[in-house]
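# Fold and contact review
Residue-level listing of the chains:
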Amino acid sequence: MALDAVLIEDGHAKNADHLVDIPDLATFIAANAGEAVSLFNDVDLGALAPQLPKLKTILVDFPSFADGRGFSVARQLRKTHGFTGQIIADGPLIPDQYSMALQCGFDAVRVDGATYARQAESHWFEAMDAFKSAYQRGYTLKNGPATSVFDARHTSVKALASNDPYFGYSAEKAIETALADYDGKLVLASSLGVDSVVLLHMVAQIDKSVPIIFLDTGKHFRETLSYRDMLIDDLGLTDFRNIRPDPKALGDEDPTGMLHAADPDACCNLRKVRPLDGVISGFEARITGRKRYQTPDRHDMPILELGGRQAKVNPLAYWEAKDVTRYMRKHDLPPHPMLALGFLSIGCQPCTTRVSEGEDPRAGRWRNSEKTECGIHYIDGKWVPMESKKTFEVF
Ligand code: SF4
């Protein structure tokens with residue numbers, strides 16, 4: 001790799017050639033065109049605000065690693081202006097500042113060849129894990145988390161008010177703590193969907209023997225089952241449990257295997273709700289992959305959700321879709337094979353279709369039907385079929 005400049009993204013060193021000739025703010029505004037701008041760290045963001053909708057990339061200048069004003073620029077872009085494009089810290093930062101840069105809203109760091117020569121890729125990669133308790137992104141976006149982890153680290157009152165015993169924990173720390181708090185009584189219920197590999201990988205890094213349950217309905221895509229088998233092997237999961245419907249009930253209630261067409265609620269009840277009910281009650285807490293940004297109902301979801309008979313541990317509560325992608329890239333995790341075929345939300349084969357560009361990812365589930373949910377809800381200590389229409393997954 002040429003060492004004129006290097007882009008550090010997801011802990012990896014990449015070619016930065018596409019970042020040459022990025023105009024400064026005055027040039028950008030004068031030209032009234034382009035999708036990238038380079039900002040000095042004393043920039044007046046008020047002047048930039050009208051331009052933000054057309055920008056995809058913003059570089060923020062760091063004249064030296066000791067000058068931290070660029071961090072504040074990134075935070076304002078994220079928090080005050082809701083900028084969702086790419087922000088790159090541009091200058092001789094050092095790996096010790098990488099975690100801070102991510103927390104403030106930067107996506108990447110561009111360093112010159114001399115800086116990179118002193119501290120190469122492995123230093124940056126390891127730096128991502130150096131401050132585990134602060135790994136989660138530390139800024140909010142429109143419709144995003146109500147409280148940022150960055151703010152919370154400095155505001156104990158907020159932490160108290162959040163009513164979340166795991167408030168401010170990174171995803172890894174939440175899992176580690178839950179394992180200790182619910183010793184032997186913690187389970188991960190995985191749908192083997194498009195995001196599932198993140199939690200499976202994270203759990204495997206901490207303890208490969210954590211029980212993982214998967215509802216093997218008998219109606220999954222072959223690709224899902226192959227993906228499952230590959231992940232079990234690759235991640236070394238030692239307690240992966242395939243939960244299957246009762247064979248007698250299957251024979252009695254769905255002898256032709258076509259119940260899904262006639263009565264999908266009854267089919268989900270037979271193949272998901274009842275089998276899950278049979279195993280889940282043995283656990284005091286379960287890990288979910290739910291995230292705050294996904295639905296308005298979840299905007300204030302805590303990382304540890306108490307109440308009811310089973311606690312929920314939501315390690316990814318503060319994550320965004322971007323963070324899932326980042327984690328998968330960082331750890332080189334394989335995507336679900338159906339994703340490349342246009343399936344953005346993946347369930348049983350008869351009830352899942354491709355999603356067109358611009359459609360809600362869930363639109364492919366039970367298409368042309370009022371049904372939008374598999375019916376698995378935990379109420380008053382029991383898994384029960386849902387009655388009202390919802391639009392999000394349980395796991
Ligand atoms: S998703 Fe479809 S096939 Fe799967 S259990 Fe529900 S109705 Fe049956």
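The text that follows walks through the structure, step by step, so that each part is easy to find. Sequence positions are assigned chain by chain, starting from 1 and proceeding in written order. Local features in this predicted model are restricted to residues of pLDDT 70 or higher, and side-chain atom pairs are both shown and tallied only at a pLDDT of 80 or more, whereas totals for entire chains, interfaces and linings draw on every residue.

### A closer look at the overall build of the protein
Let me state the cut-off plainly: The secondary structure listing takes helices from DSSP runs of H or I that are at least 4 residues long and strands from runs of E that are at least 2 residues long, numbered from the N terminus. Whether a residue is buried, exposed or partly exposed follows from its count of other C-beta atoms within 10 Å of its own C-beta, namely 20 or more, 12 or fewer, or something in between, respectively; the C-beta atoms are built from the backbone. For the purpose of contact definition, each residue receives a C-beta atom placed from its backbone, and two residues are in contact when these atoms lie within 7 Å.
Scanning the protein from terminus to terminus reveals 15 helices and 14 strands. By the burial criterion, 40% of the 395 residues in the protein qualify as buried. When contacts within the protein are restricted to residue pairs at least 6 apart in sequence, those whose partners lie at least 24 apart make up 64%.

### A look at the packing of helix H9 (residues 171–181) against helix H10 (residues 196–206)
Helix-helix packing is described using two parameters, namely the angle between the two axes and the distance between the axes. Convention followed: Axis definition: a line fitted to C-alpha atoms, over the contacting stretch in the case of helices. Angles run 0 to 180 degrees between N-to-C directions. An angle below 35 degrees is read as roughly parallel, one above 145 as roughly antiparallel, one from 65 to 115 as roughly perpendicular, and any other as oblique. Each helix crossing is assigned a hand: it is left-handed if the near helix lies turned anticlockwise from the far helix by less than a right angle, otherwise right-handed if that turn is clockwise. The residue classification treats Ala, Val, Leu, Ile, Met, Phe, Trp, Tyr, Cys and Pro as nonpolar and Asp, Glu, Lys and Arg as charged. All others, Gly included, are polar.
Between H9 and H10, the shortest axis-to-axis distance is 10 Å and the interhelical angle comes to 55°. With respect to their mutual orientation, H9 and H10 come out oblique. Handedness of the crossing formed by H9 with H10: right-handed. Side by side, H9 and H10 meet where Ala-171, Glu-172, Ile-175, Glu-176 and Leu-179 of the first sit next to Met-202, Val-203 and Ile-206 of the second. For the contact of H9 with H10, the residue count by class is six nonpolar, no polar and two charged.

### Some words on unusual backbone geometry
Even without being glycine, Asp-21 reaches a positive phi, approximately 55°. Summarising the element assignment, Asp-21 is placed in the loop between strand S2 (12–15) and helix H1 (25–31). Residue class for Asp-21 comes out exposed when judged on the 7 C-beta atoms lying within 10 Å of it. For Leu-192, which is not a glycine, the phi torsion comes out positive at approximately 55°. Judged by the 22 C-beta atoms lying within 10 Å of it, Leu-192 falls in the buried class.

### Details of the environment of Asp-10
Looking at the secondary structure, you find Asp-10 in the loop between strand S1 (5–9) and S2. Between the C-alpha atom of Asp-10 and that of Met-128, which follows or precedes it by 118 residues, the distance is 8.2 Å. Ignoring sequence-local partners within four residues, the contact set of Asp-10 consists of Arg-326, Arg-329 and Lys-330.

### Structural notes on the sheet that holds strand S8 (residues 212–215)
Condition: Pairing between two strands requires that DSSP report at least two bridges joining them.
Here we have six strands laid out as an open sheet, ordered S9-S8-S7-S10-S12-S11, and mixed in their pairing. Looking at strand neighbours, the two that pair on one side only are strand S9 (240–243) and strand S11 (304–305), the edges of this open sheet.

### Some words on the site of the ligand
Heads up, the rule is: Near, as applied to residues and a molecule or strand, means the residue's backbone-placed C-beta atom lies within 6 Å of it.
Lining the immediate environment of the ligand, one finds 13 residues, of which Pro-264, Cys-267, Cys-268, Cys-348 and Cys-351 sit closest. Looking at the shell around the ligand element by element, the count peaks at five residues for helix H14 (residues 264–280). In terms of residue class, the shell around the ligand is built from seven nonpolar, three polar and three charged.

### Some remarks on the sheet that holds S2
Spatially, six strands are ordered S2-S1-S6-S5-S4-S3 in an open sheet, and the strand pairing comes out mixed. The open sheet is flanked by S2 and strand S3 (36–39), the only strands paired with a single partner. The average undirected angle you get between the axes of adjacent strands in this sheet is 25°. Each of S3, strand S4 (57–61) and strand S5 (86–90) touches helix H3 (residues 69–79); the most contacted strand, S4, lies at about 155° to it.

### Focus on helix H11 (residues 222–235)
Let me state the cut-off plainly: Here the expected length of a helix is defined as 1.5 Å per residue gap, with one fewer gap than residues. An arc is given here, and it is the one of the directions from the helix axis to the C-beta atoms.
Relative to the 20 Å expected for 14 residues at 1.5 Å per residue, H11 spans 20 Å between its end C-alpha atoms, a close match to the ideal helical length. Taken together, the buried positions of H11 are occupied by Thr-224, Tyr-227, Arg-228 and Leu-231. Projected down its long axis, H11 shows its buried positions confined to an angular sector of 105°, all on one face. In H11, the exposed positions angled more than 90 degrees off the buried face are occupied by Arg-222, Ser-226, Asp-229 and Asp-233.

### Observations concerning the nonpolar core
Stated formally: Here, a nonpolar core denotes buried Ala, Val, Leu, Ile, Met, Phe, Trp, Tyr and Cys residues that are linked to one another through C-beta atoms within 7 Å.
Ranked by internal contacts, the top residues of the largest apolar core, which has 37 residues, are Ala-174 and Leu-188. Counting only elements with at least two residues in this core, the list comes to H9, strand S7 (186–189), H10, S8, H11 and strand S12 (311–313). Of all the elements, H10 adds the most residues to this core, at six residues. Discounting chain neighbours no more than four positions away, the residues touching Ala-174 are Tyr-166, Tyr-169, Ile-303, Val-313 and Pro-315. With 35 residues, the next largest nonpolar core counts Val-37, Ile-58, Phe-71 and Tyr-116 among its residues.

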